[in-house]
Amino acid sequence: MADNAKLIIEGTTYELPTLIGTEGEKAVDIRKLRGASGYVTLDSGYMNTGSCESAITFINGEEGILRYRGIPIEQLTEKSSFAEVSKLVLDGELPKSDVLDEFSRVLTENAMIPEELKNSLYNFPADAHPMSVLGSLIFGLAGFYPHVDATSSEDEIRTAATNLIAKTSTIAAFSYKRSIGEPFVYPSKDLGYSENFLNMMFSSPVNGYEIDSDMVEALEKLLILHVDHEQNCSASTMRLVGSSHANLYSAVAASIAALWGPLHGGANQSVMEMLATIHQSGKDPADFIEMAKDKSNSFRLAGFGHRVYKNYDPRARVIKGTCRKVLEKSAKDPLLQIAMQLEEQVLQDDYFIQRKLYPNVDFYSGILYKAMGIPTEMFTVLFAIGRMPGWISQWKEMISDPTNKIGRPRQIYNGNNKTDYTPVENR
Ligand code: CMC
């Protein structure tokens, strides 16, 4: 235990407790600061603010480490499955084999979505962005299933969690089928989670779909890599919305909205669009690097940089290896060649070195999704499918924390002082 921190304001010394996490992360506890001193802290973007204590995910951004419940993601992507990792983050420990079998069974059993919800897909234009459809239908699930919030029983929460993980991939695949005007393919009890998703996406009444085990393995790895990433924008949204005791389904829908942004999960779509632009332009990737460095231009290299990683994103390393393996079998993708060229040049460029900008998870994931036949607009949806167990785990942890309160930051008001109303004729 470190000494208390001392803060001197206007001649008065305030003692603030400090705490150190299990991996040595240090914090000053300011929870009583405003009550004692009248001061709040100002930290836009929360770059220095810990919003909670959490035992789910550990990241060391300087060293490029990511672990779920203590287990390195390199081991999980090598040895585990998406269903098992989901159970790991949700329950806090690796499941015994009977627990895992039962979870896998109920995941498949709950993969169907209500027919009315399925039919509502026709109320969206065929070219609606699939993130808009996913967010809306997940929100819609709240209308079909019992309300679940912080006061619900463990059983009710477990049922809703399974329901959400199971149904997200079905909604995603159905929205794709709707967008291309093909009939929906229902989930099958004989298939595992990723197999079912690929089958629902690509099988049709006239053309069966042969499930490629390499693609299933690659998809499982991608989903595992996306399961959780501690207090990022969408996980914090989950906690903030959930802290009002809003319905679990609505908190997840809010997280989906947060994930869609191009600075967060939407970056995987932006990366593919950027690589395609470089390819079509016939220019050297170096021209785009120069453009990203030019401060008078708002262009940024999509897929580079991260708020926490100031080293190679460990998720990008795993995906890059999988990309090479999968693409060895299929036709060489020119976008992969461009991506590797771009990465090589960026890693030698002073601008990026000084700012510690490395490829992030989104840089290579799109190339793999493309190899699976998944359209670019669906990439962020895939991120959401993978992140679902993480969001729910963050929510579960929050509601079981006795110190948790409704999320409600303060502000420093810098607007007008009291101003009298001016009648319209005098303005
Ligand atoms: N290209 C060019 N310059 C960049 C980039 C980039 N991709 N990312 C950051 N910079 C520069 C930025 O201009 C700034 O320069 P300066 O110090 O001269 O003003 C410096 O690096 C620090 O950037 P920042 O925006 O203050 O850093 P941040 O921590 O607020 O933002 C980020 C992190 C991920 C939003 C940002 O790096 C970015 O916009 N990257 C591109 C989008 C992207 O790939 N997002 C996916 C993130 S990983 C998926 C997920 O977990 O959500």
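Since the structure is predicted, the reported quantities are computational estimates derived from the model, not experimental observations.

Asks: Which parts of the structure should I look at to understand the side chain of K167?
Replies: Inspection of the secondary structure assignment puts K167 in helix α7 (residues 154-180). Buried and unpaired, K167 has no salt bridge, with E109 as the nearest side chain of opposite charge at 9.8 Å. Within polar-contact distance, the side chain of K167 engages the backbone oxygen of N110 at 2.6 Å. Excluding residues within four positions of it along the chain, K167 makes contact with N110, A111, M112, I113, P114, L141 and Y145.

Asks: Is there a simple way to explain the site of the ligand in this structure?
Replies: Residues in contact with the ligand amount to 20 residues; listed here are only the nearest, H264, R300, L301, G303 and R307. Take R300: an N or O atom from its side chain is 2.8 Å from an oxygen atom of the ligand. Separating an oxygen atom of the ligand from a side-chain N or O atom of R307 is a distance of 2.8 Å. In isolation the ligand has 940 Å² of accessible area, and contact with the protein removes 76% of it. Classifying every residue of the shell around the ligand by side-chain character gives 8 nonpolar, 6 polar and 6 charged.

Asks: Can you help me understand the pattern of salt bridges in this one?
Replies: Enumeration over the complete set of coordinates arrives at 18 salt bridges. With a closest N to O distance of 2.9 Å, D91 and K87 form a salt bridge. With a gap of 4 residues between them, D91 and K87 both fall in helix α3 (residues 82-91), about one helical turn apart. Of the charged contacts in the structure, one is a salt bridge between K293 and D349, with a shortest N-O distance of 2.9 Å. Taken together, the residues K293 in helix α13 (residues 285-293) and D349 in the loop between α15 (334-347) and α16 (350-354) connect sequence positions 56 residues apart. The exposure class assigned to K293 is partly exposed, which follows from its relative accessible area of 23%. Salt bridges here are not isolated pairs; linked through shared partners, they connect E102, R105 and E109.

Conventions adopted
Residues numbered from 1 in each chain as written. Predicted model: local features only at pLDDT ≥ 70, side-chain atom pairs only at ≥ 80, totals over all residues. Heavy atoms only, no water. Helix = DSSP H or I, 4+ residues; strand = E, 2+ residues; numbered from the N terminus. Buried < 20%, exposed > 50% of the residue type's maximum accessible area, 1.4 Å probe, protein only. Lys, Arg positive; Asp, Glu negative; His and termini not counted. Salt bridge = Lys/Arg side-chain N within 4 Å of Asp/Glu carboxyl O. Polar contact = N/O pair within 3.5 Å; in protein donor to acceptor, adjacent residues only side chain to side chain. Contact = heavy atoms within 4.5 Å. Near = heavy atom within 4 Å. Areas by Shrake-Rupley, 256 points an atom, 1.4 Å probe, with all protein chains shown as cover. Nonpolar A, V, L, I, M, F, W, Y, C, P; charged D, E, K, R; others polar.

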